[in-house]
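# Structural characterization, general
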Amino acid sequence: MENYFAKSFILRVILAFSPVPLLYLLLSRFGYVIPITEIPGMLCINGCVSQSFVHTPFRGYELLNVDKPLKELINSSIDKSKTSILIEKSKSRLTLYYNQVPIKSYPVVFGANPMGDKLHAGDNRTPEGLLKIKDLYPHPQWSKFMWLDYPNRESWKKHLLAKSEGEFDWFLPVGGEVGIHGVPLGSDGIIDKRQNWTLGCPSLKNKDVDELYEVVQQGTVVEILP
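The structure contained in this document is the topic of the report that follows.

Cut-offs used in this document
- Residues numbered from 1 in each chain as written.
- Predicted model: local features only at pLDDT ≥ 70, side-chain atom pairs only at ≥ 80, totals over all residues.
- Heavy atoms only, no water.
- Pairing = 2+ DSSP bridges.
- Helix = DSSP H or I, 4+ residues; strand = E, 2+ residues; numbered from the N terminus.
- Contact = heavy atoms within 4.5 Å.
- Buried < 20%, exposed > 50% of the residue type's maximum accessible area, 1.4 Å probe, protein only.
- Core = buried A, V, L, I, M, F, W, Y, C linked by side-chain atoms within 4.5 Å.

To continue, consider the pairing of strand β4 (residues 129-139). Sheet topology note: the β4/strand β7 (residues 221-225) ladder contains four bridges and is antiparallel. Residue Gly129 lies in a different strand from β7, and its bridge partner there is Ile224. With six bridges joining them, β4 and strand β5 (residues 143-148) adopt antiparallel strand pairing. Bridge pairing in β5 links Ile133 to Leu148.

Following this line, the structure appears as structure tokens:
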């Protein structure tokens, strides 16, 4: 609650003292307004294209090839442009696809409020829909971090629609800094027990996130289903 009031105070100071262009950039940076680059897409200036599923999930709740290293499953050198990821929240399963074929699955957990799509900062939900990896880097606490492009255009649409329908306060920003990462050192049991512990990020065992990290790149598609 203190964090909310602090952000509200900062926002009011920005509104009071910033010139309009700088004001818009600052509000965009903190997730209160749509980035200028997304406005044409939101207005369908270039034509609206609806999202569609890109993966075919396999049946059941089992994990595919969970005990086999990727190097054994993909015999040739891995072309990162052919990899993609499907995350199924209801099955606590993340599956790596190669050429649209499921290759290997990993157990995964989510935000502490796992049901439903992410709509704003602080809701502890994991976003759903089609996203992409925007950056990758080692993380001092969780081994690796594969940063996702939330909020993207579809995220903004859902955020603004929910806000216009009064689902939450207008001063709540859309949120951000969502990515696939590991767990604190020695905490793999969090994953084994399916404890949803993050603020909204998908979380894997460190050995699993390390393996996955080596076969994806900026632009890799990540589809997250309920």
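Still more ground to cover, so stick around.
This brings us to the environment of Leu94. Among the secondary structure elements, Leu94 is positioned in strand β2 (residues 93-98). Residues Leu94 and Leu63 lie 31 residues apart in sequence; the distance between their C-alpha atoms is 8.6 Å. Setting aside residues up to four positions removed in sequence, Leu94 forms contacts with Ile85, Leu86, Ile87, Lys104, Ser105, Tyr106, Val108, Ile180, Leu204 and Leu212.

Here the focus is the pairing of strand β3 (residues 101-107). Counting buried residues along β3, five of its seven residues qualify, which places the element largely inside the surrounding structure. Here β2 runs beside β3; their pairing, made up of six bridges, is antiparallel. Paired with Tyr97 across the bridge in β3 is Pro102. Between β2 and β3, which follow one another and run antiparallel, lie two residues, and Asn99 among them has a positive phi close to 55 degrees.

Moving on: the nonpolar core. Inside soluble globular proteins, nonpolar side chains tend to come together where they are buried. Grouped together as the largest cluster of nonpolar side chains are 31 residues, with contacts concentrated most on Ile85, Ile87, Leu94, Met146, Ile180 and Leu212. Looking at this core, the elements with two or more residues in it are β1 (83-88), β2, β3, β4, β5, α7 (206-213) and β7. Ignoring anything within four residues of it in the chain, the contact list for Ile85 reads His55, Leu94, Thr95, Leu96, Ile180, Leu212, Val216, Val221, Val222 and Glu223.

Here the focus is unusual backbone geometry. Residues Tyr150 and Pro151 are joined by a peptide bond in cis, for which omega reads 0 degrees. Following the sequence through the fold, Pro151 ends up in the loop between β5 and α5 (153-164). Backbone geometry places Asn65, a non-glycine residue, at a positive phi of 50 degrees. The residue Asn65 is located in the loop between α3 (39-42) and α4 (70-73) in this model. Judged by relative accessible area, which is 26%, Asn65 ranks as partly exposed. The phi angle at Gln100 is positive, at roughly 70 degrees, despite the residue not being glycine.

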